Amino acid sequence: MRKLIVLGFVGLLAQLIDGSLGMAYGVTSSTLLLAAGVAPAAASAAVHFSEIGTSLVSGFSHHKLGNVDWRTVSILAIPGFAGAFAGATFLVSLDGDTAKPWVAGILLGLGIYVIWRFLVLGGRRPTFKSRPSAKMLAPMGVIGGALDAIGGGGWGPVGTTTLLSSGRLEPRKVIGSIDTSEFVVAVGGSLGFILALGSQGIEWSYAAALLAGGVIAAPIAAWLVKKLAARVLGVAAGGLIVLTNSKTIVESLGGSDAVVITVASVVGVLWISGIVWAVRQERRSRAMEVDDDKDDDLVLA
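Just so you know, these numbers come straight off a predicted model, no measurement behind them.

Reading the values: rules and limits
Counting from 1, residues in each chain are numbered in the order their sequence is written. It should be noted that, the model being predicted, local features are given only for residues of pLDDT at least 70 and side-chain atom pairs only at 80 or more, the latter also being counted only at that level, while totals for whole chains, interfaces and linings use all residues. The basis for the side-chain values is all heavy atoms of the structure; hydrogens and waters are excluded. By definition, any uninterrupted DSSP run of H or I lasting at least four residues is a helix, any uninterrupted run of E lasting at least two residues is a strand, and each is numbered from the N terminus. Throughout, exposure labels follow a simple rule: accessible area from a 1.4 Å probe, protein chains only, divided by the maximum for the residue type, with under 20% read as buried, over 50% as exposed, and the rest as partly exposed. Residue exposure ignores everything except the shown protein chains as possible cover, and the areas themselves are Shrake-Rupley values with a 1.4 Å probe. Residue types Ala, Val, Leu, Ile, Met, Phe, Trp, Tyr and Cys, when buried and joined through side-chain atoms within 4.5 Å, form a set referred to as a nonpolar core. The contact criterion used is simple: two residues touch if any of their non-hydrogen atoms lie within 4.5 Å. Axis definition: a line fitted to C-alpha atoms, limited for helices to the stretch in contact. Angles are taken between N-to-C directions and run from 0 to 180 degrees. We call a crossing left-handed when the near helix sits turned anticlockwise from the far one by less than a right angle, and right-handed when that turn is clockwise. Residue-level confidence of the predictor is summarised by pLDDT, bounded by 0 at the bottom and 100 at the top.

What follows concerns the overall build of the protein chain. Within the protein chain, the regular secondary structure consists of 11 helices and zero strands. Along the protein chain, helices and strands appear, N-terminal first, in the series α-α-α-α-α-α-α-α-α-α-α. Classification of the 301 residues of the protein chain by burial places 50% in the buried group. Per element, the accessible surface of the protein chain, about 13,700 Å² overall, is 67% carbon and sulfur.

This is how it looks when you write it as structure tokens:
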């Protein structure tokens, strides 16, 4: 029961981050399930089944707030479904002990990608030119869906970062569209897992606990998407993913306790430094915006 309560809080926190950033629900939840000793396929399956509910509520909330570009969602849905279904069946075919370090490696890469997007790029707003084309969205949907199923997360890191960097949708519609289309991706991955694993191979209690927390957080996150500093949350989420999966990889490679502690300490220090830097950059950006507003007022006067 204690583990299920903890997973409920994990689902709530992960959905708050995902609904505000357009990424990190699957990666965060899968990372913590792997750390708790759940097999990679079972962890990803539980996450995807919980995502059916959380993404549905999240998508509805984003739609009500005008955060969804439905053309983008309609183009992404089918390729994302196909990629997730294929990724799920591929992951189930791998031996659990063999798959764990590889899945942790994918999650580690995705965590670094999240940090890179919000730390190095600084969360700057792109200029909006035109809506993304089908030639761009369809391959992105297949790749994002496959990585999402294999790694337990990846739809958001691939989709959100690609669309934001393209500068073709405003950030709130990028996040809302990715979160809404994730419902179809979650269905595709879940079908793949249930056909390959069977219902007995899925941790339904884990999925239900994650779902309960995520459903509570989804409408809150959709509202917060305009309020929270994405730069700080992105670095915080990415750092947690990198820290946990670095530990998993070192342990899988046979590293001693001393090596595991050393790696975790180094990553932890870098993580905290990144958060501090992100907070300072956010304060500096806000201060510059205030100064610009004052200058505009002086010119008008």
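Don't stop here, the text continues.
One finds Leu7, Leu33, Val38, Phe193, Tyr206 and Leu210 to be the most contacted residues of the largest nonpolar core, which totals 22 residues. Mapped by element, the contributors of at least two residues to this core are α1 (2-21), α2 (25-35), α3 (40-64), α4 (70-92) and α9 (204-224). The element contributing the most residues to this core is α3, with seven residues. Discounting residues that sit within four places of it in the chain, Leu210 has contacts with Leu7, Val10, Gly11, Tyr25, Ser29, Leu33, Ala46, Val47, Ser50 and Thr54. Membership of the second largest hydrophobic core comes to 12 residues, among which are Leu76, Ala84, Val174 and Val185.

Note on placement: Ile220 falls in helix α9. The spacing of Ile220 and Ser61 is 159 residues in sequence and 8.7 Å in space, taken between C-alpha atoms.

Looking now at the packing of α4 against helix α6 (residues 134-151). Their axes nearest at 6 Å, the elements α4 and α6 cross at an angle of 35°. When the axes of α4 and α6 are compared, the crossing they make is right-handed. Here α4 contributes Arg71, Thr72, Ile75, Leu76, Pro79, Gly80, Gly83, Ala84, Gly87, Ala88, Phe90 and Leu91 to the contact with α6, which in turn contributes Ala134, Leu137, Ala138, Met140, Gly141, Val142, Gly145, Ala146, Ala149 and Ile150.

Bringing the environment of Thr28 into the picture now. Structurally, Thr28 is set in helix α2. Accessibility expressed as a relative area gives 3% for Thr28, which makes it buried. If we ignore the near neighbours within four places in the chain, the residues touching Thr28 are Ala14, Leu240 and Ile241.

Scored by pLDDT, the protein chain comes out at a mean of 78, with 79% of its residues at no less than 70. Looking across the protein chain, the model is least confident in α1, with a mean pLDDT of 71, and most confident in α4, with 89.

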